[in-house]
Amino acid sequence: MNKAPAPLLSITRRLRSTPFSRKVAEAGIQAYTVYNRMLLPTVLKDVVSDCQHLKKNVQLWDVSCERQIAIEGKEAATLVQKITPRNLSNQRTDRCMYIPIVDDTGGMLNDPVCIKFSDTHYWISIADSDLLFWIKGIAVALKLDVKVYEPPIYPLAVQGPKSFAVMENIFGSEINKMPFFSAKFFKFKNESFLISRSGYSKQGGFEIYVQSDKKEGNIGEQLWDALMEAGKKFDIRAGGPNYIERVESGLLSYGNDMTSDNTPDECGLQHFCDETIFAECIGGTALKKRREDKFQQQIKSLSIDGGAVPACRDPWVITKEDKVVGQVSSAIWSPDFNTNVALAMIHQPYWQAGTTLTVHCPDGERQSTVCEKSFN
Ligand code: THG
C-alpha cells in the first residue's frame, strides 16, 4: 500500500508569527504542531536523533506559543487564587509555580506555570487552551480591580545539559546560581529579560521571556544569534519539545493526556490541590466532592511491549480481562529504555505499579505494564 505524503499546513496570519519564526524556518525545522494558534516546532532532524541530541547537548526552542497572561492590579493575588486550587499564599516573588486551573466542575482548563513579580503582578504561562477569556470573564464578573491581558512576550527555551554553559557565556555566572523554578531579570545588549530555570524537558535549562513589539529583525533575532554562536562548541541546534523525552519524563500535555473532563487529582497533580483553600477557589467544592466519588482514575507511565508502536492520535483503549480500564493518550518507542513509553489514564485499582494490562493499538493488542514513576 502506498503511504500518502504527510500533509502540509497552510500558514497565514491566524497562525501568529514570533520574533524567532524566520530563524526557526532557516534552521530547517521539519515539523510543527499548532498550539495556542501558533506554530510550535516539534522535529528538527527526526524525533530519535533530536532526543539523543537534547540529552547530550543544548537546543534552542521557540516556545512563544506558551502565551503569557498578565494579571496586574490591586486584586491580582485574589484573582490568581480564585482560579487555582493550589495554595499560593507562600509563593515567593520571582518564583514559578506549576498551577492546575479548574472550572466550576473541577475539570482542568489548563496547567500553566505561574510567575509572581509582586502581589499586584503575575504572569501565567499557559498551555494550549484559551485561558485569557476565562480569566478575563472571572475578573469582570467579580468586578475585581485588575487588568488581564496578553503582553507581547515570546519565550525562548534553552534546554539540555550544555544549556548552563551557553547561558553563562551570554548572561554571566549568576545565571547558574538560580534554583529550579526561580525567575530573575538579566541583561542582554542593555535590555532586561526575565529568565526562569524551567522548561518542558527534564534535561535542564532555562526559558527567556523575550519582549517584542515588532516581531521581525529585532532583539529576538539578535539573542537567537548570540545563543547559537555561544553554543557552537556544544553543537547547539534549533529544536522543540521532544515527544520521546517528554513522555519518558512524564511531562503532561494538556489536550493530549488530559482535558476538561479530568480533575487535577486524576492528572497526578493532587499535591498541587490544597483543601484548605477549596472554599476560596472556583471548582473547589466540586473537587472535594469528586475526591469522594467511587470512580477514580489517574495518569500513569506505562511501558508497552513489542516493537515501535504506531503514532497515537485518538486514545487507545486499555483492557484487563476484557473490561475497559483506561486509555493510552501518548505513546512512542524509546531507544534508551528499549521499550515503548506511554502515558495513560488508568482506572482504580488497575493503576498499581506492576499491573499488566492489554493495550488495543491500531496494529493489534499488546501487553503493557504500569510503572512506579516516569522513566526520566
Ligand atoms: N514552561 C513555561 N510555560 C509553559 C510550559 C513550560 N506553559 C505550557 C506548558 N509548559 C505547561 N505545562 C507544564 C508541564 C510541566 C511542567 C511545566 C509546565 C514542569 N513540571 C515539572 C515536573 O513535572 O517535573 C516540575 C513541576 C513542579 O515541581 O512544580 O516543569 O514548560 N514557562
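The structure presented is a predicted model; accordingly, all values stated were derived computationally and were not measured. (Residues numbered from 1 in each chain as written. Predicted model: local features only at pLDDT ≥ 70, side-chain atom pairs only at ≥ 80, totals over all residues. Heavy atoms only, no water.)

Colleague: Can you break down the site of the ligand residue by residue, with the values?
Modeller: Near the ligand lie 17 residues; those nearest to it are Glu66, Asp111, Ser125, Glu207 and Tyr209. For the ligand, a nitrogen atom lies 3.3 Å from a polar atom in the backbone of aspartate 111. Serine 125 places a polar side-chain atom, nitrogen or oxygen, 2.6 Å from a nitrogen atom of the ligand. For the ligand, the protein covers 84% of the area, taking 650 Å² as the surface of the free molecule. Broken down by class, the residue content of the shell around the ligand amounts to 11 nonpolar, two polar and four charged. (Near = heavy atom within 4 Å. Polar contact = N/O pair within 3.5 Å; in protein donor to acceptor, adjacent residues only side chain to side chain. Areas by Shrake-Rupley, 256 points an atom, 1.4 Å probe, with all protein chains shown as cover. Nonpolar A, V, L, I, M, F, W, Y, C, P; charged D, E, K, R; others polar.)

Colleague: Account for the side chain of lysine 300, with residues named and values stated.
Modeller: Position of lysine 300 relative to the elements: it lies in strand β16 (residues 297-304). Within the buried set, lysine 300 has no salt-bridge partner at all; the shortest N-O distance to an opposite charge, 7.1 Å, is to glutamate 372. Of the polar contacts made by the side chain of lysine 300, one reaches the side chain of glutamine 298; its length is 3.3 Å. Excluding residues that lie within four positions of it along the chain, lysine 300 makes contacts with Ala342, Leu343, Ala344, Ile346, Trp351 and Val370. (Helix = DSSP H or I, 4+ residues; strand = E, 2+ residues; numbered from the N terminus. Buried < 20%, exposed > 50% of the residue type's maximum accessible area, 1.4 Å probe, protein only. Lys, Arg positive; Asp, Glu negative; His and termini not counted. Salt bridge = Lys/Arg side-chain N within 4 Å of Asp/Glu carboxyl O. Contact = heavy atoms within 4.5 Å.)

Colleague: Any details on the sheet that holds strand β8 (residues 113-118)? Residues and values, ideally.
Modeller: With antiparallel pairing, five strands are arranged side by side in an open sheet as β5-β8-β9-β4-β10. On the outer flanks of this sheet lie β5 (95-98) and β10 (147-149), each paired with one strand and no other. Recorded for the sheet is a direction-independent mean angle of 20° between the axes of neighbouring strands. Relative to strand β9 (residues 121-125), strand β4 (residues 68-72) is paired through five bridges, and the arrangement is antiparallel. Pairing of isoleucine 71 across the sheet is with tyrosine 122, part of β9. (Pairing = 2+ DSSP bridges. Axes fitted to C-alpha atoms, helices over the stretch in contact; angles between N-to-C directions.)

Colleague: Please give an account of the nonpolar core that cites residues and values.
Modeller: Counting 64 residues, the largest nonpolar core has Met167, Phe171, Ile208, Leu223 and Leu227 as its most contacted members. Take this core: its biggest share by element is seven residues, from helix α6 (residues 219-231). The contact partners of phenylalanine 171, leaving out residues within four places of it in the chain, are Phe186, Lys187, Phe188, Ile195, Ile208 and Leu223. Residues Ile99, Ile101, Leu131 and Ile138 belong to the second largest nonpolar core, which totals 24 residues. (Core = buried A, V, L, I, M, F, W, Y, C linked by side-chain atoms within 4.5 Å.)

Colleague: How would you summarise the packing of aromatic side chains if you had to cite specific residues and measurements?
Modeller: By the definition in use, this model includes 11 aromatic pairs. Ring centres of phenylalanine 164 and phenylalanine 206 lie 5.4 Å apart, and the angle between their planes is 70°; this geometry places the pair in the edge-to-face category. Taken together, the positions of phenylalanine 164 in helix α5 (residues 163-171) and phenylalanine 206 in strand β14 (residues 205-211) put the pair 42 residues apart, joining distant regions of the chain. Phenylalanine 164 sits in the partly exposed class, given a relative accessible area of 24%. (Phe/Tyr/Trp six-rings, centres within 6.5 Å; stacked < 30°, edge-to-face > 60°.)

Colleague: Kindly report on α5, identifying the contributing residues and their values.
Modeller: Buried residues of α5: Ser163, Val166, Met167, Ile170 and Phe171, and no others. End-on, the buried residues of α5 take up no more than an arc of 110°, which puts them together on one face. Here the buried face of α5 lies against β11 (153-159), β12 (183-188), β13 (191-196), β14 and α6. (Arc of directions from axis to C-beta.)

Colleague: Report on a nonpolar patch on the surface, specifying residues and quantitative values.
Modeller: On the surface, Leu9, Ile11 and Val34 cluster together into a nonpolar patch covering about 260 Å² of accessible area. Tracing the backbone through its elements, the reader meets isoleucine 11 in the segment before α1 (21-26). Classification of isoleucine 11 as exposed rests on a relative accessible area of 52%. (Patch = residues over 30% accessible without salt bridge, like charges linked within 9 Å, V, L, I, M, F, W, Y side chains within 5 Å.)

Colleague: Tell me about the pattern of salt bridges, and name the residues and values.
Modeller: Counting across every chain of the model gives 17 salt bridges. With a closest N to O distance of 2.7 Å, lysine 55 and glutamate 248 form a salt bridge. Highlighted residues: lysine 55 in helix α2 (residues 47-56) and glutamate 248 in helix α7 (residues 243-248), separated in sequence by 193 residues. You'll find lysine 55 and glutamate 248 in the same group, each marked buried.

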